[in-house]
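Residue-level listing of the chains:
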Amino acid sequence: PTLRVNVIRASDLIAADLGGSSDPYAIIKIGNDTQFASQAKTRVIKKTLHPEWNEFFTLHVNNPQTEKLMIEVKDKDKFGKDDSLGKGELTFFDLQRGVEKKCWLQLTGGEMGDNVVGGVLKMFGGKSSTGGIRNNGKVYIGVTAMDFGGYGQAGYGQQAAYGQQGAYGQAGYGQQAAYGQQGYGQQAAYGQQGAYGQ
């Protein structure tokens, strides 16, 4: 199965650089917490907390019912490792085949480690991460299940199947009710025999 992802833009990202901005890019991964089926990366946009990427990726999905889309925005650093500006994720349960779903993903976490601000924080506080930083960052994406055969729909399909089981259950009750009525009808017949007895 394949998923088309449109990484549209982000807003209110953490300012990781001393000048009050970041050089953000986004990493998209498909998978679960232990392994990834595929991943992609947007270009870096310099000095902004509100990047506009508008980039499309087609990513492979192994199992839409157990995997999810994970996105992480990072700040590109010239020195040291790139710092995380937060992560967000999206499940595939409500995706319909061929229908794009657009949504904002709230970013959580984030750090300021090897950049200028992190270095200043280390000097004064001895901490490399931001600790309980408030992350207002979010990413706007569009996601389309290209050929799931509707795994999202299959999810609904299975629910529909449960619904059919419910229908069978109702049919069962209907049959029981029918038998019950027939039973009462027979008792009524016996009642008539009782009438004959009189």
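Residues numbered from 1 in each chain as written. Predicted model: local features only at pLDDT ≥ 70, side-chain atom pairs only at ≥ 80, totals over all residues. Heavy atoms only, no water.

Some points on the pattern of salt bridges
For step 1, the next point in the chain: Following the criterion strictly, the structure yields eight salt bridges and no others.
For step 2, the next point in the chain: In this structure, the salt-bridge partner of Asp82 is Lys76, at a minimum N-O distance of 3.8 Å.
For step 3, the next point in the chain: Residue classification places Asp82 among the buried positions, given a relative accessible area of 13%.
For step 4, the next point in the chain: We classify Lys76 as partly exposed; its relative accessible area is 38%.
For step 5, the next point in the chain: We note a salt bridge from Lys81 to Asp83, for which the minimum N-O separation is 3.8 Å.
For step 6, the next point in the chain: Given the relative accessible area of 0%, Asp83 is considered buried. (Salt bridge = Lys/Arg side-chain N within 4 Å of Asp/Glu carboxyl O. Buried < 20%, exposed > 50% of the residue type's maximum accessible area, 1.4 Å probe, protein only.)

Considerations on unusual backbone geometry
For step 1, the next point in the chain: Of note, the phi angle at Asp12 is positive, near 55 degrees, even though the residue is not glycine.
For step 2, the next point in the chain: With respect to the element layout, Asp12 can be found in the loop between strand S1 (2-11) and strand S2 (24-31).
For step 3, the next point in the chain: The residue Lys47 is not glycine, and still its phi comes out positive at about 50 degrees.
For step 4, the next point in the chain: Of note, Lys47 is situated in the loop between strand S3 (36-41) and strand S4 (52-60). (Helix = DSSP H or I, 4+ residues; strand = E, 2+ residues; numbered from the N terminus.)

Considerations on the nonpolar core
Across soluble globular proteins, nonpolar side chains show a tendency to be buried alongside one another.
For step 1, the next point in the chain: Among the nonpolar cores identified, the biggest contains 31 residues, and Leu3, Val7, Leu69, Ile71 and Ile141 are the most heavily contacted of them.
For step 2, the next point in the chain: Sorting the residues of this core by element identifies S1, S2, S4, strand S5 (68-75), strand S6 (83-91), strand S7 (101-106) and strand S8 (138-145) as the ones contributing at least two each.
For step 3, the next point in the chain: Non-local contacts of Val7, meaning those with residues more than four positions away in its chain, are made with Ala26, Ile28, Thr42, Trp53, Asn54, Glu55, Phe57, Ile71, Val139, Tyr140 and Ile141. (Core = buried A, V, L, I, M, F, W, Y, C linked by side-chain atoms within 4.5 Å. Contact = heavy atoms within 4.5 Å.)

Considering the sheet that holds S8
For step 1, the next point in the chain: The four strands lie next to each other as S4-S1-S8-S7, forming an open sheet whose pairing is antiparallel. Of all the strands in the sheet, the pair left with one neighbour each is S4 and S7. Across this sheet, the average inter-strand angle for adjacent strands is 25 degrees, counted without regard to direction.
For step 2, the next point in the chain: One ladder, built from seven bridges, connects S1 with S4; its direction is antiparallel. Following the sheet pairing, Arg4 is matched in S4 by Thr58. (Pairing = 2+ DSSP bridges. Axes fitted to C-alpha atoms, helices over the stretch in contact; angles between N-to-C directions.)

Looking at the packing of aromatic side chains
For step 1, the next point in the chain: Tallied over the entire structure, the rule returns two aromatic pairs.
For step 2, the next point in the chain: Taken together, a centroid distance of 6.2 Å and an interplanar angle of 75 degrees make the contact between Phe92 and Phe148 edge-to-face. Here Phe148 lies in the loop between S8 and helix H2 (151-197) and Phe92 lies in the loop between S6 and S7, a separation of 56 residues in the sequence.
For step 3, the next point in the chain: Above the plane of the ring of Trp104 lies Lys138, whose end atom (NZ or CZ) is 5.3 Å from the centre. (Phe/Tyr/Trp six-rings, centres within 6.5 Å; stacked < 30°, edge-to-face > 60°. Lys NZ or Arg CZ within 6 Å of the ring centre and 35° of its normal.)

Section: the sheet that holds S2
The strands making up a sheet associate through backbone hydrogen bonding, with each pair oriented either parallel or antiparallel.
For step 1, the next point in the chain: With respect to topology, four strands assemble into an open sheet ordered S3-S2-S5-S6, the strand pairing being antiparallel. The open sheet is flanked by S3 and S6, the only strands paired with a single partner. The sheet shows a mean angle of 20 degrees between the axes of neighbouring strands, direction not considered.
For step 2, the next point in the chain: Bridging between S5 and S6 involves eight bridges; their strand directions are antiparallel. Residue pairing across strands places Lys68 opposite Thr91, the latter belonging to S6.

Examining the confidence of the model for the protein
For step 1, the next point in the chain: Residue-level pLDDT values for the protein average 76, and 64% of them are 70 or greater.
For step 2, the next point in the chain: Considering only residues more than four positions removed or in separate chains, one finds that residues 125-130, a stretch of pLDDT under 50, has eleven contacts.
For step 3, the next point in the chain: Confidence drops under pLDDT 50 across residues 151-198; counting only partners more than four residues distant or on other chains, this segment forms 13 contacts. (pLDDT = per-residue confidence, 0-100.)

Brief notes about the side chain of Asp75
For step 1, the next point in the chain: For Asp75, the position within the fold is in strand S5.
For step 2, the next point in the chain: Although Asp75 is buried, it makes no salt bridge; Lys46 carries the closest opposite charge, 8.3 Å away.
For step 3, the next point in the chain: In this structure the side chain of Asp75 is engaged in a polar contact, spanning 2.7 Å, whose partner is the backbone nitrogen of Asp23. (Lys, Arg positive; Asp, Glu negative; His and termini not counted. Polar contact = N/O pair within 3.5 Å; in protein donor to acceptor, adjacent residues only side chain to side chain.)

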